[in-house]
Amino acid sequence: MTIYFYTTIDKYGCFSNFSRHGFELDGQYWPTAEHYFQAQKFPGTEHQRRIARARTPKDAAQLGRDRSAPLRADWESVKDDVMRRAVLRKFETHEDIREILLGTGDEELVENAPGDYYWGCGADGSGQNKLGKILMEARSLLRERAEQDAAAGGG
């Protein structure tokens with residue numbers, strides 16, 4: 001079975017980068033994974049700080065897509081790793097949603113984003129589903145850690 005997610009109000013809404021599950025990363029608090037991801041396009045700039053303070057994840061996304069600010073030169077080569085860091089930290093931080101992610105077993109996770117053929121599956125399902133794949137990577141890593149902790153008597 002495949003588990004589709006997209007909006008934050010779906011059963012698996014916590015998989016969305018817009019879900020209100022904040023975390024600390026790189027010495028700063030981020031209200032959502034979207035805030036962190038978009039801000040990393042402009043490291044060390046006022047634009048990054050503006051994104052970090054955005055009222056909503058939608059506002060953070062809009063600011064992150066603003067091309068009047070210079071995008072970091074290596075963005076295309078680092079964006080997947082930036083997303084990996086954000087997703088993993090979000091699920092490391094919040095036990096409740098970590099349990100939801102681990103509870104999906106080995107099911108395929110697909111971001112059902114009709115307009116996004118990179119992070120999602122796109123309108124026709126031919127997209128790369130990078131966010132779904134990163135969530136499945138995080139799930140495997142978190143499962144391994146849980147098994148190691150249990151074997152060590154830590155949980």
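Residues numbered from 1 in each chain as written. Predicted model: local features only at pLDDT ≥ 70, side-chain atom pairs only at ≥ 80, totals over all residues. Heavy atoms only, no water.

## Describing the packing of helix α4 (residues 75-93) against helix α5 (residues 95-102)
The criterion, for reference: Interaxial angles span 0 to 180 degrees and are taken between N-to-C directions of axes, which are lines fitted to C-alpha atoms, for helices over the stretch in contact. A helix here means a DSSP run of H or I that spans at least four residues, while a strand means a run of E at least two residues long, and both kinds are numbered starting from the N terminus. Between 65 and 115 degrees an angle is taken as roughly perpendicular, under 35 as roughly parallel, over 145 as roughly antiparallel, and anywhere else as oblique. Here, residues are in contact when the closest pair of their heavy atoms is within 4.5 Å. Gly falls in the polar group here, along with every residue not listed as nonpolar (Ala, Val, Leu, Ile, Met, Phe, Trp, Tyr, Cys, Pro) or charged (Asp, Glu, Lys, Arg).
Running from N to C, α4 and α5 point in directions that differ by 110 degrees, and their axes come no closer than 5 Å. In terms of orientation, α4 lies roughly perpendicular with respect to α5. Across the interface between the two elements, K90, F91, E92 and T93 of α4 pack against E95, I97, R98 and L101 of α5. Looking at the contact of α4 with α5 residue by residue, the class counts come to three nonpolar, one polar and four charged.

## Re α5
So the rule is basically this: Think of it in three bands: with a 1.4 Å probe and only protein chains considered, a residue is buried below 20% of the maximum accessible area for its type, exposed above 50%, and partly exposed in between. The arc in question is the one spanned by the directions pointing from the helix axis to the C-beta atoms.
Inspection of α5 places I97, R98 and L101 among the buried residues, and these make up the whole buried set. In a view along the axis of α5, the buried residues occupy a sector of 110 degrees, so they form one face of it. Buried residues along α5 sit against α4, β4 (108-111) and α6 (130-151).

## So, the side chain of R139
The following threshold applies: All tallies of charge rest on Lys and Arg as positive and Asp and Glu as negative; His and the ends of each chain are not included. Any carboxyl oxygen of Asp or Glu within 4 Å of a side-chain nitrogen of Lys or Arg constitutes a salt bridge here.
Tracing the backbone through its elements, the reader meets R139 in helix α6. Buried within the structure, R139 lacks any salt-bridge partner; D106 is the closest side chain of opposite charge, at an N-O distance of 4.9 Å.

## A few points about the pairing of strand β1 (residues 2-5)
Where we set the bar: Two strands pair under a simple rule: DSSP has to find at least two bridges between them.
The side-chain alternation of β1 yields one buried face, formed by I3 and F5, and one unburied face, formed by T2 and Y4. In this sheet, β4 lies alongside β1 in parallel orientation, the contact comprising four bridges. Of the residues in β4, the one forming a bridge with I3 is L109.

## Regarding the environment of S19
Quick reminder of the rule: Polar contacts, as used here, are pairs of N or O atoms within 3.5 Å; protein pairs need one atom able to donate a hydrogen and one able to accept it. Residues neighboring in sequence count only if both atoms are side-chain atoms.
By secondary structure assignment, the location of S19 is in the loop between β1 and β2 (23-25). Taking relative accessible area as the criterion, S19 reaches 3% and is therefore assigned buried. Sequence-distant contacts of S19, defined by excluding residues within four places in its chain, comprise T8, G13, C14, P31, T32 and K90. Among the polar contacts listed, one links the side chain of S19 to the backbone oxygen of C14, at a separation of 3.3 Å. Polar contacts involving the side chain of S19 include one to the side chain of K90, which spans 2.9 Å.

## Observations concerning the side chain of Q40
One can find Q40 in the loop between α1 (33-39) and α2 (46-52). Among the residues examined, Q40 registers a relative accessible area of 7% and is labelled buried. With residues near it in sequence (within four places) discarded, Q40 still touches D26, W30, Q48, R72, W75 and V82.

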